[in-house]
Amino acid sequence: MKSRGGILIGMGMSFAILTGLQIGPFMKQSMSFAADITKGPSPEAPVEAPSSLDRPTTTDKDTCFTEALAQRLWADSEAIEARQLLLDERENTLRQIELDVQTKLTAIEATKQQMEAIVDRLEQESTDDIDRLVTMYSTMKPTKAADIFDRMDPTFSAGLLRQMEPNRAGMIMAEMGAEKSYRTSLLIANRNAAWRAKG
């Protein structure tokens, strides 16, 4: 009887030990689950995604417009503005230069016209002076005029005689010295010789 009771006692203890081993992990997991419920969801636990009504709608444009892109666009805008200011400044400078050049050209043109007017006046006065001399020598006696023409440079005397009436010029040349009259005649004859040769 003692041996059978001991066997039963041993079997009971073994069953208790086995049961304890099997229940222990289960109790440990149960206690851990209860603690998690008490503390609330862990940070690593997945959070339920908001519904489509609560989630703000975004477009591709909103997604691509980053702060870096905004800074770059701002920098480009400032660079374009600076370049435009530089171009405007250069345009104003060129416009001022153009105005200065135009003013100088106008002054030069005015000076040119004044000089041309002076030259025309001097030429007219010179022509008038020659005309007066021609008239004076034409009214003089041929002998008296011939004495003066003999002392003149042949080129100048030839110019005066050429503008006189041929009869009056011939009378003066007849009273001039032979050498001077000959040289004067050559100058008058050769005055348009080049044109006559072309014809």
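Here goes a summary of the coordinates provided. Note that the coordinates shown come from a computational prediction; the quantities given were computed from them, not determined experimentally. (Residues numbered from 1 in each chain as written. Predicted model: local features only at pLDDT ≥ 70, side-chain atom pairs only at ≥ 80, totals over all residues. Heavy atoms only, no water.)

## Brief notes about the overall build of the protein
Each helix and strand counted, the protein has eight helices and zero strands in total. Evaluated residue by residue, the protein yields a buried proportion of 11% over its 199 residues. In the protein, the share of contacts with a sequence separation of at least 24, taken over all contacts with a separation of at least 6, comes to 65%. A total accessible area of about 17100 Å² is found for the protein, and carbon and sulfur atoms account for 61% of it. (Helix = DSSP H or I, 4+ residues; strand = E, 2+ residues; numbered from the N terminus. Buried < 20%, exposed > 50% of the residue type's maximum accessible area, 1.4 Å probe, protein only. Contact = heavy atoms within 4.5 Å. Areas by Shrake-Rupley, 256 points an atom, 1.4 Å probe, with all protein chains shown as cover.)

## A look at a nonpolar patch on the surface
Residues Leu94, Ile97, Val101, Leu105 and Ile108 make up a contiguous nonpolar surface patch of about 480 Å² in total accessible area. Counting through the fold element by element, Leu105 comes out in helix α3 (residues 67–139). Given the relative accessible area of 48%, Leu105 is considered partly exposed. (Patch = residues over 30% accessible without salt bridge, like charges linked within 9 Å, V, L, I, M, F, W, Y side chains within 5 Å. Salt bridge = Lys/Arg side-chain N within 4 Å of Asp/Glu carboxyl O.)

## Brief notes about the pattern of salt bridges
Here the structure, examined in full by the defined rule, presents three salt bridges. The salt bridge involving Arg132 is made with Asp129; its shortest N-O contact spans 3.0 Å. Taken together, the residues span about one helical turn, with Arg132 and Asp129 both in helix α3 at a distance of three residues. For Arg132, a relative accessible area of 51% corresponds to the exposed category. Residue classification places Asp129 among the partly exposed residues on the basis of a relative accessible area of 42%.

## With respect to helix α5 (residues 154–163)
A turn of α-helix holds 3.6 residues, and therefore any two residues three or four places apart point the same way. Along α5, the residues classified as buried are Pro154, Ser157, Ala158, Leu160 and Leu161. Taken around the axis of α5, the buried residues stretch over an arc of 165°, which confines them to a single face. Measuring from the backbone nitrogen of Thr155 back to the side-chain oxygen at the start of α5 gives 3.0 Å, which picks out Asp153 as the cap. (Arc of directions from axis to C-beta. Polar contact = N/O pair within 3.5 Å; in protein donor to acceptor, adjacent residues only side chain to side chain.)

## Comments concerning the nonpolar core
Counting residues in hydrophobic clusters, the biggest one holds 14 residues, and the most contacted among them are Tyr137, Phe149, Leu160, Leu161, Met164, Ile172 and Met176. Apart from the residues lying within four places of it in its own chain, the contact partners of Phe149 are Tyr137, Ser157, Leu160, Leu161, Met164, Ile172, Met176 and Lys180. (Core = buried A, V, L, I, M, F, W, Y, C linked by side-chain atoms within 4.5 Å.)

## Quick notes on the packing of helix α4 (residues 142–151) against helix α6 (residues 166–175)
It is at 8 Å that the axes of α4 and α6 come closest, and there the two elements cross at 65°. As the angle between them shows, α4 and α6 are arranged roughly perpendicular. The way α4 lies across α6 gives a crossing that is right-handed. For the pair α4 and α6, the contacting residues are Pro142, Thr143, Ala145, Ala146, Phe149 and Asp150 in the first and Arg168, Met171, Ile172 and Glu175 in the second. Broken down by class, the residue content of the contact of α4 with α6 amounts to six nonpolar, one polar and three charged. (Axes fitted to C-alpha atoms, helices over the stretch in contact; angles between N-to-C directions. Parallel < 35°, antiparallel > 145°, perpendicular 65-115°, else oblique. Left-handed = near helix turned anticlockwise from the far one by under 90°. Nonpolar A, V, L, I, M, F, W, Y, C, P; charged D, E, K, R; others polar.)

## Some details on the side chain of Ser157
Structurally, the position occupied by Ser157 is in helix α5. Classification of Ser157 by relative accessible area gives buried; the value is 0%. One polar contact links the side chain of Ser157 to the main-chain carbonyl oxygen of Pro154, over a distance of 3.0 Å. The contacts of Ser157, once residues within four sequence positions are left out, are Phe149, Met152 and Thr184.

## Some thoughts on the packing of aromatic side chains
Where two aromatic rings form a pair, the distance of their centres and the angle of their planes describe that pair. Under the defined criterion, the tally for this structure stands at one aromatic pair. Ring centres of Tyr137 and Phe149 lie 5.1 Å apart, and the angle between their planes is 70°; this geometry places the pair in the edge-to-face category. One end of the pair, Tyr137, is in helix α3; the other, Phe149, is in helix α4, with 12 residues separating them in the sequence. Assigned by exposure class, Tyr137 and Phe149 land together as buried. (Phe/Tyr/Trp six-rings, centres within 6.5 Å; stacked < 30°, edge-to-face > 60°.)

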